[in-house]
Structure formats: structure tokens, C-alpha cells
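Here's the letter readout for the chains.
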Amino acid sequence: MLTTRTGGLWLPFTQMENFDPAARTFVRGEGNYLLDSAGKRLFDATSSIWTTVHGHCHPAIVSAIAQQASQLDHSTLLGASNPVAEELARTLTALLGMEYAFFASDGASAVEAALKMALQYWQNAGEPGRTRFLRLVDSYHGDTAAAMSVSDISVFKTRFGPITFETLPYNIDLSLLEREDVAAVIVEPIVQAAAGLRIVPPEHYAALQSMAPLLIVDEIATGFGRTGTMFAHEQLALAPDIVCVGKGLTGGTLALSATVVKERVYEAFLGGHGEMKQFFHGHSYAGNPIACAAALANIALFKKDETIAHVQAVADEIKPALRDLAGRTAVREVRGAGLMIGIEIVPSRVQNNGAATPAWSISNALYERGHFTRPIGDVVQLVPPLSSTSAEIHTFISDLDDLLAAD
Ligand SMILES: Cc1ncc(COP(=O)(O)O)c(C=O)c1O
């Protein structure tokens, strides 16, 4: 029997044939750092894929989890409620200026719920012909079937064609917004993280407010302060009907996501017993009280630590260093919003050093210097916890600069 060096553990988006767990196995998290099994301390420069907010193992979140785990670990939301999920629904909807929250687990499951909600919304509203979804070019909304369908990154998607459906990019043809079969438009606000921290030109959102029959804003990567406001769509003056949040919702501790909606969406699902208008969707762990307690503690820390002001100040402080980095011949572009930054390298100007790609070679060298990041194509990611200091980020930038100067 073939066994992996991870003892049977199969890692996502990872070629297991050459993965070396001795080089990358994490055993502890402390603030903005991860400790690997060799005792190396690493700055978590991707916030463990855009999840960690106030640092790893934050005592306030850890104690909220422990306290809740000893009181009510789980009870289903299928036809029942719990006070922690209710409090989180109240808190989240108040933060977003919306009215109702539907809980799931990972980001993709919040997107999946949003898409099914949009379809059933139009059925309940008497327009069942609205079945088509529009999206941005280069979109990414997750790896489940419907989330993949509204995504546009071919390497993640093409081989799964038989289980996806066709969706269209409205931003290259605005007339699509006028079609009578459109159920909803889904967008990532400001930053397309998985496309390589791409910045969407603001004019691509301009038509949405008046023309989208239902507007779904996916804040799974951008939400909870990463772009310098609590939610990125605040900077675009968009008023969505549905917002998806995940990742940073629990501060990076437990899997919890939410599909948050305006009253008119929720109201379309109300009706008598025989009408069958209730939302036909749900997951076993929806609204898990422990995860909801973690989310409440995470959200409370934003006020206590003035996290948004901190992100804005740090993002300003690191701008000159990023500008210098952008001047390197090995760098094609430095782009970002708040603390979501991508450094796109010129691969022909960087050595591979036996790594999968030049960007991987740089990321591996950064690991040696105490930073954990993961490239997206030719883009080196700098998406650190919001609790990072500008000194910590400057060290990352200066080590990266040094490596790129050496090539
Ligand atoms: C914008 C966006 N939506 C959805 C997802 C999917 O989230 P998850 O990986 O938690 O399923 C991601 C993940 O990176 C994302 O960036």
C-alpha cells in the first residue's frame, strides 16, 4: 500500500508526491507567528489563508471557546435555535446594516447558500425564469460545485466541467445585466484575492447598484478589516442584498460562515405550511455555538483594540517600503488594499532553485528567513494578521527585497 509522508493525511491544492512534512508542519500558534515541528518561528504572512485576524490563540477568543464548549457544544439549527447564534446574527446584521443571517461552515458553503437562496427567492417571488448568474472576470468564490460555477480561474475549474454550470462575466458586457433570466450578480469587492490579489477597477461595480436584480457581495476574503474598512464594499458604496462572510469571522479559529441578507430576501421565504416557501438548504453544524462564541469574541476585539485604525495606520506606514520594492527589476507590480498585498514577480528574473516555480523558490527562501507565505502563480502574498506591527511587515518586505536583489 502506498502511504504518504504525512501518515495518510491528504493536503488540499498540494502535490503529495514531493511534499516534505519535515519542512512544513505547524505545532503551535502564538500571536502573529506559527511554530513548526523543528522549532522554527514563522511570521504568518498569509494569515493562514486570510483567516487569522487578531493573531493565533488570542486569549479572549480561546477563553470564549472554552467557556462555550463547557456550556452548550452543539445543537442543531434545523427547526431550533440557540442564544449564541442569535446574538451573533444580531451583531453581524448590525455591522452590515442588514437584517438576517443564515449560518454555514466554510466560505464556499456560504456562497453555495447565497446562490441557492437567489434561485429560490425568484421562485418564491413568482419569477422562476430568473436562473442565470453573472460574475466578474477572474472571479473566485470557492471549490464546491455552484461556487466553482461562478468562479473563473480555469486551473481550479476546467477539469470539473461536468458538475458546473455556465455563468457570464457582466463586466465585459454590461448589457447582460438587463437580461430577464438573471437571478443575481456575485462580486468580490475591491480585491480578487485568489486571482493573485488583483484590484478590480471601481467602475466595474458602478452599474450594479441600479441594474443587478439581486446583488451578492462575497466578503469571505476581504471582510473583517483586511482592506482597511470592516467590509470592503463600504468603500464602493454598494448596498448588497446578500453578503457572504467566512474566514475572518471567527478570527481564524473555527469554521463558520454566514450568508447575511436584507429583509426583502428573507420575507420572500415566509408562507403557510403548505406553501413550501422555506429555504431548502442547511448543514449539520450551522450556527454551532462554540464557533459563534469565537466569532462574537473576535468581533468584540475590533472595538477594544481599535483594529481598523491600526490596519489603516500600518498600511500607510509600509507604503514607502512597498514602493521601493516595486522598483526592483524582478518585480512586475506591487498591489493591494489595506493589508491584502500581492507582489508579482517577473519569473524570468528569478531563479527556480529546484522549486516548482520562481515564486515558490522565493517563498521557500522566505521560509528559511522566518516568514510563511504561499505564492499564487507569480504573486508572492503578503496578507498578514491585522494585529501585525509595521516592524514585522517591514522585516518581511526587507527580506523579500534582499532575495529579489540577489537574483
Ligand atoms: C472571495 C472568496 N470566496 C470564497 C472563498 C471560499 O472560502 P473557503 O475556502 O472557506 O471555502 C474564498 C477562498 O479563498 C474566497 O477568496
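Since this is a predicted model, take the numbers as computed values, not measurements. (Residues numbered from 1 in each chain as written. Predicted model: local features only at pLDDT ≥ 70, side-chain atom pairs only at ≥ 80, totals over all residues. Heavy atoms only, no water.)

Peer 1: Would you explain the site of the ligand in this entry?
Peer 2: The environment of the ligand is made up of Trp 50, Asp 106, Gly 107, Ala 108, Tyr 140, His 141, Gly 142, Glu 188, Asp 218, Ile 220, Ala 221 and Lys 247. Gly 107 is positioned such that a nitrogen or oxygen atom in its backbone is 2.8 Å from an oxygen atom of the ligand. At a separation of 3.2 Å, an oxygen atom of the ligand approaches a polar side-chain atom of Lys 247. Against a free-state accessible area of 390 Å², the protein chains account for coverage of 86% of the ligand. Tallied by class, residues from the shell around the ligand come to 5 nonpolar, 3 polar and 4 charged. (Near = heavy atom within 4 Å. Polar contact = N/O pair within 3.5 Å; in protein donor to acceptor, adjacent residues only side chain to side chain. Areas by Shrake-Rupley, 256 points an atom, 1.4 Å probe, with all protein chains shown as cover. Nonpolar A, V, L, I, M, F, W, Y, C, P; charged D, E, K, R; others polar.)

Peer 1: How should I be thinking about the side chain of Asp 44 in this particular structure?
Peer 2: Position of Asp 44 relative to the elements: it lies in strand β3 (residues 41–44). Beyond its immediate chain neighbours, meaning those up to four positions away, Asp 44 contacts Asn 32, Tyr 33, Leu 34, Thr 52, His 56, Phe 372, Val 383, Pro 384 and Pro 385. (Helix = DSSP H or I, 4+ residues; strand = E, 2+ residues; numbered from the N terminus. Contact = heavy atoms within 4.5 Å.)

Peer 1: Would you mind showing me how to read the sheet that holds strand β2 (residues 33–36) here?
Peer 2: Backbone-to-backbone hydrogen bonds pair the strands of a sheet. The strands run either parallel or antiparallel. Pairing is mixed across the open sheet formed by 4 strands, whose spatial order is β1-β2-β3-β15. Across the chains shown, the open sheet's two edge strands, defined by having one partner strand only, are β1 (26–30) and β15 (371–372). Pairing of β3 with β15, which is carried by 2 bridges, proceeds in the parallel orientation. Considered in β15, the bridge of Phe 43 is made with His 371. (Pairing = 2+ DSSP bridges.)

Peer 1: Can you walk me through the domain arrangement of the protein chain in this structure?
Peer 2: A common way to report how large an interface is uses the accessible area buried once the components associate. Split into domains, the protein chain comes out as domain 1 (16–54 + 306–406) and domain 2 (60–304). Using only C-alpha atoms to locate each centre, domain 1 and domain 2 end up separated by 28 Å. Contact with domain 1, which involves 26 residues of that partner, is made by 27 residues of domain 2. Summed over both sides, the interface of domain 1 with domain 2 buries roughly 2100 Å², with 65% coming from carbon and sulfur. Linking domain 1 with domain 2 are 14 residue pairs in polar contact (both at pLDDT 80 or more), by the criterion used here. At the level of secondary structure, the elements contributing two or more residues to the side of domain 1 that touches domain 2 comprise α1 (47–50), α11 (307–317), β13 (331–337), β14 (340–345) and β16 (379–382). The leading source of residues in the side of domain 1 that touches domain 2 is α11, at 4 residues. Here the side of domain 1 that touches domain 2 is built from residues that sort into 14 nonpolar, 10 polar and 2 charged. (Domains from an automatic or database assignment. Buried area = accessible area lost by both parts, 1.4 Å probe.)

Peer 1: Quick question: what am I supposed to make of unusual backbone geometry here?
Peer 2: Keep in mind that most residues, glycine aside, have a negative phi and that most peptide bonds are trans. Phi is positive for Ile 49, close to 55°, though the residue is something other than glycine. Structurally, Ile 49 is set in helix α1. The backbone phi angle of Trp 50 is positive, close to 65°, even though this residue is not glycine. Note that Trp 50 resides in helix α1.

Peer 1: Looking at this structure, I do not really get the pattern of salt bridges. What am I missing?
Peer 2: Between side chains of opposite charge, a pair can form as their charged atoms come close. Evaluation of the coordinates by the stated rule reveals 17 salt bridges. Between Glu 127 and Arg 130 there is a salt bridge, with its nearest N and O atoms 3.0 Å apart. Here Glu 127 falls in the partly exposed class, since its relative accessible area comes to 35%. For Arg 130, a relative accessible area of 15% translates into the label buried. Residues Asp 181 and Arg 132 are paired through a salt bridge, measuring 3.2 Å at the closest nitrogen-oxygen approach. Of this pair, Asp 181 sits in the loop between β6 (168–169) and β7 (182–187) while Arg 132 sits in strand β5 (residues 132–135), and the two are 49 residues apart along the sequence. Looking at Asp 181, the relative accessible area reads 21%, which means it is partly exposed. (Salt bridge = Lys/Arg side-chain N within 4 Å of Asp/Glu carboxyl O. Buried < 20%, exposed > 50% of the residue type's maximum accessible area, 1.4 Å probe, protein only.)

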